[in-house]
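Each chain, written out:
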Amino acid sequence: MHRCPHCHFPSPATASRCGWCAKPLLAQAVAASGSPYPAGGALPAPPPMRSQERASGFLVDHPPLAAVAAPPTTGGTTPSQPAQPGWSMPPGYVPLTTGHITGVPPSLPAWGASQPLPPSATPRPWWLIIPLATALIAWEMAHGQAVWGHTLTTAARVLLAGAVALACTAVVLASWQRAVLAGRGPALVGLLLAALGLASWGLAQPVTYLQAQAAENGGDYMRAVNLYLHIGSTTDAMRARVEWGQALTDQKAFTAAQSDLTFALNHTTGPLHDTARAALGHLLWQWGSALYARHDIAATRAKWTAAVALAAGTADADRAAAALAAPQAVTGRMTWHGQPLPGEHVALASSWQFSPEFHILQVQGARLDGMSGDDGTFTITGARPGTPYILIWQGNAGDVTRVADNGTPLYTITLLPLQGGTLGTVSIDGN
């Protein structure tokens, strides 16, 4: 019997190939005892196994024996090693490796060996393309939005779509590898994207409200109104409209201011309605004052009358009412046979009654008195707008107010607000 130099399997002395590994046997001189090792020598002890080899339970490839047994060199010299009895390599000896049992070449790791896979064999997380693409698409679709809430909702939709894609990827990976943990990475990243998407969706309205407030504080009232209406905050939109109207009033843009304030007045209640009324009264007062400065009395009267009607009780409406009710002056010229009549006592009366018996006017109540000058002209002040007045006189020669045959006064006048009046030429002789 002699052993195979490759796997140490004992074979008959006459065999030419190993009965275990089928490799050719080397021709060796066989001792009388039938052992391939020198006579009188003990069997060589196998190289000491490392702890990892003992724990794995498998044979692993060893470095060459010379590399294992070679002592370290120091200073270029090799210390002598004591000879170990019986440790000698027979000719053609090849150490037994795992390749003789598993058939795997020694260059590849054996099953069960705790060696890391080479970098080329490590699986790459290709699914990371999904969150990267999701982030790029979300940015591309959301960054151009004018409304902050639209930006967040658009990003939320894309992030939720990416979360769904990662969830599907996790399911597919777990199905392919038949292990739930195989899809753990995509699932965790998908949950993160879903959380970001839901948070963006929930913050869309508060962020838009902050944007509206920023626009309002910056004086961009049109944008503020549109943003408030976008999130359904009508009260804030009407408040911004009132502020917008007040700003336009200060800028003398009265027409645009009236449009905004009237709209707010018609769509508000409570304190905001009162604020809109006060702002509208202030607008109409300022507008009327500007027209009065240009001597457009009719337009001024129209604006102040509107202020009294729409904003009664406010400070500016009360000012407009007082201006419209301010007393005015009435002028005229007294003549007799075409000549000026100086020193004539004239008066305006707001209450009178005709006496058919005496064919005269009986005046009642207070009168506004005046006196004609050297040229016959007179001015009577204190006449209230909207009140009918008649002119009466009594001269030094006993002349009195003339009336028509039916008792109607010949000289009457009713003043308009902000505008005095004139009776023209008053002839006491009837010509």
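Residues numbered from 1 in each chain as written. Predicted model: local features only at pLDDT ≥ 70, side-chain atom pairs only at ≥ 80, totals over all residues. Heavy atoms only, no water.

Some remarks on the environment of Phe354
- For Phe354, the location among the structural elements is in strand E5 (residues 345–355).
- Sequence-wise, Phe354 and Val403 are 49 residues apart; in three dimensions their C-alpha atoms are separated by 9.0 Å. (Helix = DSSP H or I, 4+ residues; strand = E, 2+ residues; numbered from the N terminus.)

Overview of the confidence of the model for the protein
- Mean pLDDT for the protein: 79, with 74% of residues reaching 70 or above.
- Here residues 50–84 is a poorly scored stretch, pLDDT under 50, and it has 28 contacts once near neighbours within four places are set aside; other chains count.
- Across residues 110–114, where pLDDT falls below 50, the model places four contacts with residues more than four positions away in sequence or in other chains. (pLDDT = per-residue confidence, 0-100. Contact = heavy atoms within 4.5 Å.)

Concerning the packing of aromatic side chains
- Counting across every chain of the model gives five aromatic pairs.
- Plain terms: the ring middles of Trp285 and Trp304 are 4.6 Å apart, the flat faces sit at 15° to each other, and that makes the pair stacked. One end of the pair, Trp285, is in helix H10 (residues 270–293); the other, Trp304, is in helix H11 (residues 297–310), and 19 residues separate them in sequence.
- Among the aromatic side chains, those forming a connected cluster through ring pairs are Trp285, Tyr292 and Trp304.
- Over the face of the ring belonging to Trp287 we find Lys303, whose NZ or CZ atom lies 3.7 Å from the ring centre. (Phe/Tyr/Trp six-rings, centres within 6.5 Å; stacked < 30°, edge-to-face > 60°. Lys NZ or Arg CZ within 6 Å of the ring centre and 35° of its normal.)

Regarding helix H9 (residues 254–266)
- The end-to-end C-alpha distance of H9, which contains 13 residues, comes to 18 Å, matching closely the 18 Å that a straight helix rising 1.5 Å per residue would cover.
- The complete set of buried residues in H9 reads Phe254, Ala257, Asp260, Leu261, Ala264 and Leu265. Viewed along the axis of H9, the buried residues span an arc of 135°, placing them on a single side of the element. In H9, the exposed positions angled more than 90 degrees off the buried face are occupied by Thr255 and Asn266.
- Of the surrounding secondary structure, the elements contacted by the buried residues of H9 are helix H8 (234–250) and H10. (Expected span 1.5 Å × (residues − 1). Buried < 20%, exposed > 50% of the residue type's maximum accessible area, 1.4 Å probe, protein only. Arc of directions from axis to C-beta.)

So, a nonpolar patch on the surface
- Judged by side-chain polarity, Trp126, Val172 and Trp176 come together as a nonpolar surface patch covering roughly 380 Å² of accessible area.
- Relative to the assigned elements, Val172 resides in helix H5 (residues 148–177).
- You can call Val172 partly exposed: its relative accessible area is 36%. (Patch = residues over 30% accessible without salt bridge, like charges linked within 9 Å, V, L, I, M, F, W, Y side chains within 5 Å. Areas by Shrake-Rupley, 256 points an atom, 1.4 Å probe, with all protein chains shown as cover. Salt bridge = Lys/Arg side-chain N within 4 Å of Asp/Glu carboxyl O.)

Quick notes on helix H4 (residues 129–142)
- With 14 residues, H4 ought to run about 20 Å at 1.5 Å a step, and its terminal C-alpha atoms sit 20 Å apart, in line with that.
- Every buried residue of H4 is accounted for by Pro131, Thr134, Ala138 and Ala142. Taken around the axis of H4, the buried residues stretch over an arc of 55°, which confines them to a single face. Projecting away from the buried face of H4 at angles above 90 degrees are the exposed residues Ile129, Leu132, Leu136, Trp139 and Glu140.

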